[in-house]
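Breakdown of the fold
As a plain string of letters, each chain reads:
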Amino acid sequence: FLELKDTMYENIKENVLTPLWLRAKQKPSFSSGTVLFFGILVEDIPQLVVTFLIEEKIKSDHPEGQISNAALVNLLFAIFDILHKLAQAYDLRKDVQNAGYAFKRTIKAHGFWVESLSLSGVNQILSSSFDTTAKLLDAVTGKCIQVFECESTVYGTVALGTSKVLAACKTAAFNNCGHIRMFDIATGALDYDLKLDFVPNFVCVYPADSGSFFTGGDQGLQRWHMPTESASTPQLISTYKVQGGVQSIAFLDNDTFVSCQGSSSVHVWHVNKEEPTHTIRANENDVQVWSVLAMSSTMFLIGNSNTKKGLIKSIEFVNNQWTICKTFDEHSNGIMSLTKINSSLFVSTSHDTTAKVWDITRAEPSSLFTFRGHISSVSSSVYLKEEQAVATGDKDGAIHIWSIGKYLKDEENQSLLQHAHNSDDDRISKRENQS
């Protein structure tokens, strides 16, 4: 009986009390469209009834109490005004407001999935989509600066300085091949088309050498040299021995990177070695690690794509081995992307239509805030440092830009307090030593 009682308590705590507590700590979110619709219900419609259907009927000078023609005209205009406000409420249904963040703007970038988001210069976003295009967007104005026609699904893009863009594309034909296309940013023209014998899931520039890039997919992981004056075509540098392909990678430092492959295992590599130096398995056998994010040279995060529960785990290098330390489990569906803001904050996006801001240093692994501006799966994200905002893309092709300046200020204030506290401790220690 006691065991049954404990089991019931744990179930209630996990499924009822904990979710209610987490929800209570979140600040309320609401849509501008919802507020406008509520105003129509409590003000416009009652006013219409009282003014035209009661007053005009009761106070009418007509012997039979009929409504005058002038009143009918006013009635029609009032109905038109209500319909106009209803249309506005529908358009503002995604305009989510909250005291904790400011919703800045929405960019209708694509007609379908926004597969990836990355930066290109200051306040410029590179987006890729299943609609066969990649686009360069102005994050401040929302305008499209350039369109790159890829003729097939684009899984990822990355900027090479301020002049070139690399796009990882699937071959238009129904086969297991793909290509890396290099475009000119200024003109949108295709400069080079590198054929691959696998479909690339991503492309990224090697941080220690901007003249080379990494790409990987279901059948391989490779590093290539960019075309130069002496070599007009990309040159293959390394082919890494992977099993099951690679979904994404993240660099811990200039010599080390970590990869995930859609299974329960992640691998740590040295850039000059063909085989992984470490292999780490998640605790759950059914976890499919789909996203990986480096927070430092000794810590990275992984996110699973399991549809039952979106889990994020922190893995740290402790006592000469990689160890799973924390689990972040507030998402109700699979994790689609992870984005670093600074050394302690990161953003996660999920199939559950939300994005969350987290602080990796908190003792309790709970989110700082949840973005609820999307109505479909949130597939990608990028941090806009100059804007102090996060851009998130969804299944419908929309990109929402949110301000997170409040959380950056909170963290800065905490850092200042900690610095002041440490300074006080140092002064006390010096006085004790002098005495």
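Please read these numbers as outputs of a predicted model, since none were measured by experiment. (Residues numbered from 1 in each chain as written. Predicted model: local features only at pLDDT ≥ 70, side-chain atom pairs only at ≥ 80, totals over all residues. Heavy atoms only, no water.)

Some remarks on helix α3 (residues 69-91)
Selection criterion: To qualify as a helix, a DSSP run of H or I must reach at least 4 residues; to qualify as a strand, a run of E must reach at least 2; elements of each kind are numbered from the N terminus. Every helix has an expected span of 1.5 Å times one less than the residues it contains. Whether a residue is buried, partly exposed or exposed follows from its accessible area with a 1.4 Å probe, protein chains only, as a fraction of its type maximum: under 20%, in between, or over 50%, in that order.
Taking 1.5 Å per residue, 23 residues should reach 33 Å; α3 reaches 33 Å between its end C-alpha atoms and fits that length. Looking at α3, one finds that the buried residues are Ala 71, Leu 75, Ala 78, Ile 82 and Ala 89.

Considering the pattern of salt bridges
Selection rule: By definition here, a salt bridge exists when the distance from a side-chain nitrogen of Lys or Arg to a carboxyl oxygen of Asp or Glu is within 4 Å.
The full count for this structure, using the stated rule, is 13 salt bridges. For the salt bridge of Lys 104 with Glu 387, the shortest nitrogen-to-oxygen distance reads 3.5 Å. Separated by 283 residues along the polypeptide, Lys 104 in strand β3 (residues 102-108) and Glu 387 in the loop between β28 (378-384) and β29 (389-394) bring together distant segments of the chain. In this structure Lys 104 comes out as partly exposed when scored by relative accessible area, which is 33%. Among the salt bridges present, the one from Lys 241 reaches Glu 274, with a minimum N-O distance of 3.9 Å. With Lys 241 in the loop between β15 (235-240) and β16 (248-251) and Glu 274 in the loop between β18 (265-270) and β19 (278-281), this pair connects stretches of sequence that are 33 residues apart. What makes Glu 274 partly exposed here is its relative accessible area of 44%. In this structure, a network of salt bridges that share partners links the residues Glu 151, Arg 181, Asp 193 and Lys 195.

Notes on the side chain of His 179
We apply this condition: The contact criterion used throughout is that any non-hydrogen atoms of two residues lie within 4.5 Å.
Secondary-structure assignment places His 179 in strand β10 (residues 178-184). When residues no more than four places from it in sequence are discounted, the contact partners of His 179 are Ser 152, Ala 167, Ala 168, Cys 169, Lys 170, Asp 193, Leu 194, Lys 195, Leu 196 and Pro 200.

Points about the sheet that holds strand β25 (residues 345-350)
Convention followed: Whether two strands pair depends on DSSP finding at least two bridges between them. In this description, a line fitted to the C-alpha atoms serves as the axis of each element, helices being fitted only across the stretch in contact, and the angle between N-to-C directions of two axes falls anywhere from 0 to 180 degrees.
Strand order in the open sheet formed by four strands is β24-β25-β26-β27, and the pairing between neighbours is antiparallel. Of all the strands in the sheet, the pair left with one neighbour each is β24 (335-340) and β27 (367-371). This sheet shows a mean twist of 20 degrees between the axes of neighbouring strands, independent of strand direction. Inspection of the sheet shows β24 paired to β25 by five bridges, in the antiparallel sense. Bridging from a neighbouring strand, Leu 338 pairs with Ser 348 of β25.

Quick look at the packing of aromatic side chains
Applied cut-off: The rule is short: rings of Phe, Tyr and Trp, with Trp giving its six-membered ring, pair when the centres are within 6.5 Å, and they are stacked under 30 degrees, edge-to-face over 60, tilted in between.
Applying the stated rule across the entire model yields 22 aromatic pairs. Residues Tyr 206 and Phe 251 carry aromatic rings whose centres are separated by 5.6 Å and whose planes lie at 40 degrees to one another, so their mutual orientation is tilted. Of this pair, Tyr 206 sits in the loop between β12 (200-205) and β13 (212-217) while Phe 251 sits in strand β16, and the two are 45 residues apart along the sequence. The burial state of Tyr 206 is the same as that of Phe 251; both residues are buried. Measuring from ring centre to ring centre gives 5.7 Å for Tyr 240 and Trp 269, while their planes differ by 75 degrees; the resulting arrangement is edge-to-face. Of this pair, Tyr 240 sits in strand β15 while Trp 269 sits in strand β18, and the two are 29 residues apart along the sequence. A relative accessible area of 3% means that Tyr 240 is categorised as buried.

In short, geometric facts, not functional conclusions.
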